[in-house]
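# Structural overview for review
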Amino acid sequence: MSDFNYSKDKDNIVSIKWDVNGKSMNVLTLDGMESLKTCVNKALNDKTAKGIIISSSKKDFAGGMDLNVLQSMMAGPKTNLSKLAFKTIMDMHDILRVLELAGRNSETKNPAKPVVWAASGLSAGIGTEIGLACHHRIAADSPRTKIGLPEILVGLFPFGGGTTRLMRMLGAIGASNILLEGKMLSAKSAKSSGLIDEICDQSELEIKAREWILSASQSETIKPWDQKGFKIPGGAPYHPAGFLTFVGASAMVHGRTKGVYPAHKSLMSAAYEGLLVPFDTALKIEARWAVKLLNNPSTFNMINSLFVNKTALDKGIARPKHIDETKTKKMGILGAGMMGSGIAYVSALAKIDVILIDSTDEKALQGKSQVKSILEEGIKRRKTTQAQMEAALQRITTTTDYSTLKDVDLVIEAVFENASVKNEVTKLAEAHISKKTVFATNTSTLPISDLAQVSKNKSNFIGIHFFSPVNKMNLVEIIKGKNTEDSAVGKALDYVRQIKKTPIVVNDARFFYANRCIIPYINEGVRMVGEGIEPALIENSAKLLGMPVGPLQLIDETSIDLANQIAIATKKALGDKYEEDASDEILLFMVKEKRLGRKANAGFYNYDEKGRRQNLWRGSTHKWPLKSDQPSVEEVKNRLALIQALEAVRALEQGVLMNIREGDVGAILGWGCMPWAGGPFGWLDLVGIEPVVQMCKKFSVDLGSRFNIPPMLKQMSETNSKFYSN
Amino acid sequence: MADAYIYDTIRSPRGKGRADGSLHEMSSVKLSANILNALKNRNDLDTSLIEDVIWGNVTQIGEQGGCLARSAVLLSDYDETVAGLSINRFCASGLEAINLAANQIKAGAGNAYIAGGVEMMSRVPMGSDGAAIAVDPELAMKSYFVPQGIAADIIATEYSFSRKDVDTYAIESQKRAAMAWSKNYFQKSIIPIVDSSGLSILDKDEHMRPNTTITDLAALNASFQEMGENMPGFDNVAKLKYPHLEKINHVHHAGNSSGIVDGSSAILIGSKEFGVQTGLRPRARIVASEKIGSDPTIMLTGPIPVTEKILKKANMSIDDIDIFEVNEAFAAVVLRFMQAFNVEHSRVNVNGGAIALGHPLGATGSMILGTLLDEMERTDKQFGLATLCVASGMGAATIIELS
C-alpha cells in the first residue's frame, strides 16, 4: 500500500490523502515521496480533474521527515551522502514545484489546477512544506492543530522548499520567527502570521477546501513569485530596508547562537542567497546548504541526541521490559516548598490527584498558591487555559495529615535537603502507605541507598531527581538504590512520562549523574579565578562552548554557600579520600566576604538593588591578580568542556550511567551541556578520542589529576573507536 | 627604479554633508572636474602629458558610479587621451590613488599622474552601494562583522580610552583646526569652489565647531550603545571574537568621530623628468607606500601594522618621522596610534583632522597628504607619514620627504 491515497469524487475534485500504513503519525520516507509524486502527476494529467485537495486520513497531518532516513544517509560514506542527499532534496523540490505550478503553461495558456492544503492536528517540517507549495492553506481550528517548521530545534533547517517559500511569502522579519525559533503555531496564530490562509471548524475542513477549489480564480493559483513584478516583502537584502534587516539578522543570530550551531548559519545563508536569485535557483541553493549541513558531524549528533534518543527515552525505552505499564492516579507530595509545589504543578496538570503535605496548613497552602501563580503565568503566556488552571487546582488537596496518603500509588518526598529531615518524613509516610506504593525521594546530592536505610520497604524506595525550576526543566533523573526493584523503576518511569518529561535512569552514587558533572564544571571555573584568569574570559568561553550559563553565573544562581557546604560535606564523607580542590579556598573566601551569590545580591557578579545581574565583581581579581599571560580561549573552552565530559565518562565506567544515550540527552536537558555537539559524549566524538587523550595528558600534567585519562578513553583511542557509529 | 615626486596638492573646502551643506548643489562629477581644472590652471599643465587620473571614491553608485574618474575627465578641460580610474579602498581610497600612481611612475609606467578623489556624502549616502560583509550571513559571521562605530568602541575598551580621553582629543582637534585656519595654514592647497559664472559657493571648511567645550561633548549620548547592547546586539558578536572583554565601553558619538562632509582633492605626481620637461619644481619625494589587511572586527587598527610595515620597508624608525597625519575616523583610532608607537600628540595631526574638518571618504587620503606636505614645508620638516584606518580591516600609509 502506498503512503498517499488517490481518489476523485463526482465533482471531479481529486483528493490526495496521506496515510502511512501501520503508523500512528505520517512521516515522509523516500517511498512516500514517490507515492506523492505519482498522485500529483496523475491528478495533473487528468484533464477532467478540477483541483486537488491534499489532506491526511489520520488525526494529524504529518510529523515531518522520517529522520531515520536522514540518519542512515549520514551514517554512510561521505561522498555518497552529498550526491544522494542533493538528489533526494532536489527530487523533493521538483515534486513540490510541479504541484505548485499545477500544470500551468503560460505559452499554451493552460491554467493551473487549484491546489488546496487542508490540515488538522500536527503539521511539522516537510508536512508544512508540502502545504507551502499549495495555492491555499486551510487548517482546522482545534486545540490539537499545531503548524510549524521545528527543524532548527534538532539541528536542521527547512530544506524542502520551506525556507525559500516562506522568505518570499512573509519576508525576512515575518519568516524569522517560524524559521529561526522553530515555533509550532496554533491554527489562529498560523493564520495571523500568514503561514496559512484560512481556519475553519474541524467538521467543515473538507467543505471549505472544496468550496475554495470551485471558486478559485486563475490569479489565486499563481504564486506571487511566479508573477511579474514580484517584490520581496520587507525588501530583498540590498533594498534599503532589507539591508538593515539582514545586517541585524546576522548579528542577532550570531550573538545568540555563539556561532556553534551550523543549522542557523546554513538557514541564514540559504535565505539570503536565495533572495538574490530567481525562485528555482533559490531552491537549488537551499539544497546545497542543506547538503553542507548534513555533512557536518555536529548535525548528526544533534539529530541523534535531540530527536532520535530523546524520543526513545520519552517513549520509555529504558523501562524494564517485563514490568507492565502503570498509570499514576493519585499521589502524595511531602514538602510544599519550591520543589514540592513545582512537582504538584506538573502532576496536577497531567491530571493526577495530588495530596500536598507540609508541617503546617499554612505552609501547605502556600505551596498550593505557588502552583496557582505558575498556572497564572501560563495563562498570561497563553500556555494554559482558565479551565486547565481550575481543574489542576481542584486536584490538589493540602493537608498536614499523613493518613490521607493511604490510597496513593506514588509518594514523592521533596523536603529540605537534609538526611535526618528526610528520614523523619519517610517514616511518617510509610506508617500509612500501602506496601505496593512506590516511595520516591527528590534529592540532588544525598545517596539514595543511604536514605533508604530507614525505609521498611527498600525495594520500593527510589530517587526521582527533579531539576529546578520544575515547571521549566524537562529532565528527570531516576535513581535506583541498592535494593530498588524493577517494578519501582517502571512506576517512576511511567510517572515521569505521564507528566511529559524526559526520564533517564541512573544508578546510585554520590551526586548521581547530572550534579556529578555540573559541580566539576563550576569548580573548574572557580579555580580559574584563583589562577588569575580574567573572569570575563571564563564566562565568555563557556558561552562560546554553547553552555547556557558560565560557571561563575551558575554558582551565583545555585548559591556559593551551598557549594561550600557541599564541599565540606563531601570532605567529611570521603575523609582521607577527599582530594583538596583549589576551588575550596576561593569558595571559602567568597563566603567570608558574604558574597553568597544571587540570593545575597552579591557573588562573582554584582547585582543592583532589584537583584538584576550587573557586571563581574572585580574583588576576586584583587585577591587573585590577573596573570599577565592569559590562556587562549581555546584552552579555557577545552578545560570547561573536558572536565564535564571526563566526569560523564567516569559515570559510565562506574555504571552510574548505563547508556551514553542517557548521558547525552540527560546532559543537554539537565544543564544545557553543548547541544550543538549532541552532549558530552557527542563532544568527545567530535573532537576525536585520540586528540582528547592528548589533551588529557597535557592537562593532567599542567593542571592536576582530575584530567587523568579514564581507562575507557585510553582503550577507545587504542582501538580507534568512537561512542557513536556514524 | 625611478622616484616619484609630488608637484602640487589641492583640495576643495569641506562642505557639510547634508542637504543644507554648501557643496550639496554640486554633482560629484562637476566638483571633480573643477578640482582637475584648478590643478591644470595653476600649474599651466599640458594635460596630454598626464597618463591617468586615479580617483578615490567609496560609494560608487548613482552619479558616483560608472567610472566617475573618466566622467570627471570628460567634463573637465583635459585632453581626451587622459584615461580615468575609479578606485575604492574605503577611507584610504584617496591615499591609495596616490600610492598606485607613485608606484606606476617608479616602475616606469608613465611620467605623470593625477591622483586624488571625491566624495559627495550629502548626495550619495554612505553605504548606499551595499556591502556583502554586512549582510551576507556567511561572510558577516566568518568575519565577526560589526559596524565601524562599534569597532571604534572596541578599540577604546581594549586599549582603555575613557569617554573623557576621546572627548578631550576631539576638543583638541577642533582647536587645532581653528588655529590653522586663523593662521592661513591651509591656504596653499585650498581651492575656493565657485559656480560657472565665478560666483563663490564655498571657500572655507564649514563642518568645524571651534567653540565646542568638553561639557558640550559630555552631554552627547554614545551613538553606538543601542545597536551594541540591544538591537541587534553587535556587542555580543564582539564578545565572541574578544571573549576577554566583559562589556564594550561605548564612548564615541558625533562629536568625537569624523564628520560627514562633501569634498574633493587632487595631487599632481610625476617623475623627475616630468619636472624637467615642464619646468615644475618637485615639492616632495614619495619615499614609500604600503597597505595591509588587519583584524576585520576591531577593523580600525590597521594604521599600526601598516606603519610598522612601511617603516621596515623604508628602513626607518618611528623617530625618523617628524610629523604624522593619522586620519581621525574616530578619536580612539588616533589615540591608539599614539599609544602603540609612543608618539606625542604634538607630532600628530598638528592642524586638526577629520573630527573637526570632516572626512569626505574617497578624498580624505589625498587631503591629509596635502595637509602634511604643506605643514612640512611651513615648518621645514624632512619626513612625514600619512596613514588611515580602513573598513573591513585594512590600513594604508605613505611616507614623503621634503624636496
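Bear in mind that the values here come from a model prediction, so they are computed numbers and not experimental data.

Moving on, we get to the overall build of chain A. Along chain A, the regular secondary structure elements total 28 helices and 21 strands. Here the C-alpha coordinates of chain A stretch approximately 90 × 65 × 55 Å along the principal axes.

On a plain count of helices and strands, chain B comes out with 15 helices and 12 strands. Against the compact-globule benchmark of 22 Å for 403 residues, chain B has a radius of gyration of 20 Å, which places it among compact chains. For the C-alpha atoms alone, the extent of chain B along its principal axes is close to 60 × 45 × 45 Å. Relative to all contacts within chain B whose residues are 6 or more apart in sequence, the contacts with residues 24 or more apart total 83%.

Residues and elements named next belong to chain A. Of all six residues in strand β18 (residues 475–480), six are buried; the element is thus mostly enclosed. Residues Leu475, Glu477 and Ile479 point to one face of β18 and Val476, Ile478 and Lys480 to the other, with burial holding for every one of them. The sheet contact formed by strand β17 (residues 461–466) and β18 spans five bridges and is antiparallel. Bridge pairing in β18 places histidine 465 opposite glutamate 477. Taken together, β18, helix α17 (residues 486–498) and strand β19 (residues 502–507) form a β-α-β motif whose crossover is right-handed.

With that settled, consider the interface of chain B and chain A. Tallying the contact residues gives 22 residues for chain B and 27 residues for chain A. Listed by contribution, the elements that provide at least two residues to the side of chain B that touches chain A are α4 (132–135), α5 (137–142) and α10 (234–241) of chain B. Broken down by element, the residue count for the side of chain B that touches chain A peaks at five residues, all from α10 of chain B. Each residue belonging to the side of chain B that touches chain A can be placed in one class, and the counts come to 13 nonpolar, four polar and five charged.

Residue and element names in this part refer to chain B. Within the secondary structure layout, aspartate 20 lies in the loop between β2 (15–16) and α1 (28–43). For aspartate 20, a count of 8 C-beta atoms within 10 Å gives the class exposed. Along the primary structure aspartate 20 and serine 122 are separated by 102 residues, whereas in three dimensions their C-alpha atoms are 8.8 Å apart.

A separate point is unusual backbone geometry. Residues serine 468 of chain A and proline 469 of chain A are joined by a peptide bond in cis, for which omega reads -5°. By the element assignment, proline 469 of chain A lies in the loop between β17 and β18. The omega torsion across methionine 231 of chain B and proline 232 of chain B is -5°, close enough to zero to call that bond cis. Within the fold, proline 232 of chain B resides in the loop between α9 (225–229) and α10. The backbone phi angle of lysine 351 of chain A is positive, close to 65°, even though this residue is not glycine. With respect to the helices and strands, the residue lysine 351 of chain A is situated in the loop between α12 (338–349) and β13 (353–357). At tyrosine 144 of chain B, a position not held by glycine, the phi torsion is positive, near 50°. Structurally, tyrosine 144 of chain B is set in the loop between α5 and α6 (148–158). C-beta crowding within 10 Å serves as the criterion here: with 21 such atoms nearby, tyrosine 144 of chain B is assigned to the buried category.

All names here are of chain A. With respect to topology, six strands assemble into an open sheet ordered β1-β2-β4-β6-β8-β11, the strand pairing being mixed. Taken across any chain shown, the strands that pair with only one partner, and hence form the sheet edges, are β1 (4–8) and β11 (198–200). In this sheet, neighbouring strand axes are inclined to one another by 20° on average, regardless of whether the strands run parallel or antiparallel. Pairing geometry for strand β6 (residues 115–119) and strand β8 (residues 136–140), over four bridges, is parallel. Looking at β8, one finds that alanine 119 is bridged to alanine 139.

Structurally, the α-helix is built with 3.6 residues per turn, so residues lying three or four positions apart point the same way. The terminal C-alpha atoms of helix α8 (residues 240–257) of chain A, which comprises 18 residues, lie 26 Å apart, in line with the 26 Å expected from a rise of 1.5 Å per residue. Looking at the residues trailing α8 of chain A, positive phi occurs at lysine 258 of chain A, about 55°.

Each pair of packed helices gets described by two things: the angle between the helix axes and the distance between those axes. Residue and element names in this part refer to chain A. Here helix α5 (residues 162–181) crosses helix α9 (residues 262–275) at 145°, and the two axes come no closer than 11 Å. Relative to α9, the crossing made by α5 is left-handed. Contacts between α5 and α9 pair Thr163, Thr164, Met167, Ala172, Leu179 and Leu180 from the former with His264, Leu267, Ala270, Ala271, Gly274 and Leu275 from the latter. Taken together, the residues of the contact of α5 with α9 sort by class into eight nonpolar, four polar and no charged.

To continue, consider the domain arrangement of chain A. All names here are of chain A. Segmenting chain A into domains produces domain 1 (4–295), domain 2 (330–510) and domain 3 (515–655 + 659–718). Averaged C-alpha coordinates put domain 2 and domain 3 at centres separated by 30 Å. Taken together, the contact pairs 11 residues of domain 2 with nine residues of domain 3. If you tally residues by element for the side of domain 2 that touches domain 3, the top one is β19, at four residues. The residue inventory of the side of domain 2 that touches domain 3, partitioned by class, reads five nonpolar, five polar and one charged.

This part covers the nonpolar core. One finds Val411, Ile462, Ile478 and Ala492 of chain A together with Ile269 of chain B to be the most contacted residues of the largest nonpolar core, which totals 364 residues. Looking at which element gives the most residues to this core, the answer is helix α24 (residues 633–653) of chain A, with 11 residues.

In sheet architecture, strand pairing relies on hydrogen bonds along the backbone and comes in two forms, parallel and antiparallel. Residues and elements named next belong to chain A. Spatial strand order, β14-β13-β12-β15-β16-β17-β18-β19: eight strands in an open sheet with mixed pairing. Both edges of this open sheet fall to β14 (396–399) and β19, since each of them pairs with a single strand only. Within this sheet the neighbouring strands show an average axis-to-axis angle of 25°, counted without direction. Sitting on the sheet, α12 touches β12 (330–334), β13, β14, β15 (410–413) and β17, and the angle it makes with β13 is about 170°.

Bringing the environment of leucine 276 of chain A into the picture now. Residues and elements named next belong to chain A. Among the structural elements, leucine 276 can be located in the loop between α9 and α10 (279–294). In sequence terms leucine 276 and tyrosine 238 are 38 residues apart; their C-alpha atoms lie 8.7 Å from each other. Not counting residues within four places of it along the chain, the set of residues in contact with leucine 276 comprises Ala236 and Pro237.

Among the 10 residues in helix α19 (residues 535–544) of chain A, nine count as buried, and that is most of the element. Along α19 of chain A, the positions that sit buried rather than exposed are Pro535, Leu537, Ile538, Glu539, Asn540, Ser541, Ala542, Lys543 and Leu544 of chain A. Turning to α19 of chain A, the residues buried within the fold contact α18 (514–530), α20 (551–558), β21 (613–616), α23 (619–623) and α24 of chain A together with α10 of chain B. Two residues or fewer past α19 of chain A, glycine 546 of chain A is found with a positive phi of approximately 80°.

All names here are of chain B. In terms of burial, strand β11 (residues 383–390) is a largely internal element, seven of the eight residues being buried. Across four bridges, the pairing between strand β10 (residues 323–326) and β11 is parallel. Residue pairing for β11: phenylalanine 324 is matched across the bridge by leucine 385. Inspection of the sheet shows β11 paired to strand β12 (residues 394–402) by eight bridges, in the antiparallel sense. Residue pairing across strands places leucine 388 opposite alanine 396, the latter belonging to β12. Adjacent in sequence and paired antiparallel, β11 and β12 are bridged by three residues, among which serine 392 carries a positive phi angle near 65°.

Turning to the packing of α24 of chain A against helix α25 (residues 660–671) of chain A, a few remarks are in order. All names here are of chain A. The N-to-C vectors of α24 and α25 enclose an angle of 145°; their axes lie 10 Å apart at closest approach. Judged by the sense of rotation from one axis to the other, the crossing of α24 with α25 is right-handed. Note on element contacts: α25 touches α24 through Ile660, Gly663 and Ala667, opposite Ala648, Ala651 and Leu652. Grouping the amino acids of the contact of α24 with α25 by side-chain chemistry returns five nonpolar, one polar and no charged.

For the rest of this paragraph, the subject is the confidence of the model for chain B. Confidence in the prediction for chain B averages 98 pLDDT; 100% of positions are at 70 or higher. Predicted complex metrics record ipTM = 0.94 and pTM = 0.94.

Rules and cut-offs
Residues numbered from 1 in each chain as written. Chains lettered and ligands numbered in written order. Predicted model: local features only at pLDDT ≥ 70, side-chain atom pairs only at ≥ 80, totals over all residues. Helix = DSSP H or I, 4+ residues; strand = E, 2+ residues; numbered from the N terminus. Rg over C-alpha atoms; globule rule 2.2 N^0.38 Å. Contact = placed C-beta atoms within 7 Å. Buried ≥ 20, exposed ≤ 12 C-beta atoms within 10 Å, placed from the backbone. Pairing = 2+ DSSP bridges. Right-handed = clockwise from strand over helix to strand, strands pointing away. Nonpolar A, V, L, I, M, F, W, Y, C, P; charged D, E, K, R; others polar. Axes fitted to C-alpha atoms, helices over the stretch in contact; angles between N-to-C directions. Expected span 1.5 Å × (residues − 1). Left-handed = near helix turned anticlockwise from the far one by under 90°. Domains from an automatic or database assignment. Core = buried A, V, L, I, M, F, W, Y, C linked by C-beta atoms within 7 Å. pLDDT = per-residue confidence, 0-100.

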